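What follows is the residue order along each chain.
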Amino acid sequence: MRVCDHGIYFVVQGTPDRLAFVSARIALIGHSAAGKSSCIEKLGFSRELADMDRALGVRVAPPVSEFRDWLSAKDTPAVIALSIHPPMLDAYYKAARELGVLLVYLFKSRERIKEHVKLQQPNGDFRPEVDQSVTVHTHAHFDNIFREAKDLIIDCSDKDTAAVAIGVKRILESR
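A brief report on the enclosed structure follows.

Once that is clear, we can look at the packing of aromatic side chains. With the rule as written, the count across this model stands at 5 aromatic pairs. Through a chain of ring-to-ring contacts, three or more aromatic side chains come together here, namely Tyr105, Phe107, Phe142 and Phe146. When the ring centre of Phe107 is taken as origin, the NZ or CZ atom of Arg147, which lies over that ring, is 4.8 Å away.

With that settled, the discussion passes to the pairing of strand S5 (residues 102-107). The buried count for S5 comes to 6 of 6 residues, which makes it a mostly enclosed element. Alternating positions in S5 separate into two faces, Leu102, Val104 and Leu106 on one and Leu103, Tyr105 and Phe107 on the other, with burial throughout. Strand direction decides the pairing type here: S5 and strand S6 (residues 152-155), joined by 4 bridges, are parallel. Across the sheet, the residue bridging to Tyr105 is Ile153, located in S6.

Time to look at the nonpolar core. Counting residues in each nonpolar core, the largest one holds 40 residues, and the members touching the most others are Leu28, Leu82 and Val104. Take this core: its biggest share by element is 6 residues, from S5. Core analysis: the next-biggest nonpolar cluster, separate from the first, contains 5 residues, Ala33, Ala34, Val117 and Val136 among them.

A word on helix H9 (residues 139-149). Within the sequence span of H9, burial applies to His139, Phe142, Asp143, Phe146 and Ala149. All buried residues of H9 lie within an arc of 135° about the axis, which places them on one face of the element. Counted as exposed and oriented over 90 degrees from the buried face of H9: Ala140, Asn144 and Glu148.

About the thresholds
Residues numbered from 1 in each chain as written. Predicted model: local features only at pLDDT ≥ 70, side-chain atom pairs only at ≥ 80, totals over all residues. Heavy atoms only, no water. Phe/Tyr/Trp six-rings, centres within 6.5 Å; stacked < 30°, edge-to-face > 60°. Lys NZ or Arg CZ within 6 Å of the ring centre and 35° of its normal. Buried < 20%, exposed > 50% of the residue type's maximum accessible area, 1.4 Å probe, protein only. Helix = DSSP H or I, 4+ residues; strand = E, 2+ residues; numbered from the N terminus. Pairing = 2+ DSSP bridges. Core = buried A, V, L, I, M, F, W, Y, C linked by side-chain atoms within 4.5 Å. Arc of directions from axis to C-beta.

Here it is, written out as structure tokens:
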């Protein structure tokens, strides 16, 4: 599917059967520094409600039941950012699908991730150097996981946050 807004074209990959969801909720998945939280903020959603770890008040993987409760809660925004908790990713993605949540992978190339992990995060913090290194070195591994799990993919390697947010908004509006 090609989505165009303000002269910016997005190639959004997916299959028609994956586009026929009941729910209008979109979950952004992707590497640290891919722009999930920035996109949430650009769309006007509160990170306190839309960012998985913040909304659930955790820094480690929450139980799937808690994750499902958050996904299905009335006050959970239409666009949310899923955290990367490796041992639980498959279970989280399965739960999201069962609830009709569309998984949108914000893909960013390894080179761009390497640049962006060094930048200040939306909350004002900088990622510790060890986290930066792990993110860059595990890019290919998680890229495979995200590609397998995604319903749609937006290549945001060469787009700023505003452009990515426009693409996500268009997907949301098309649901």
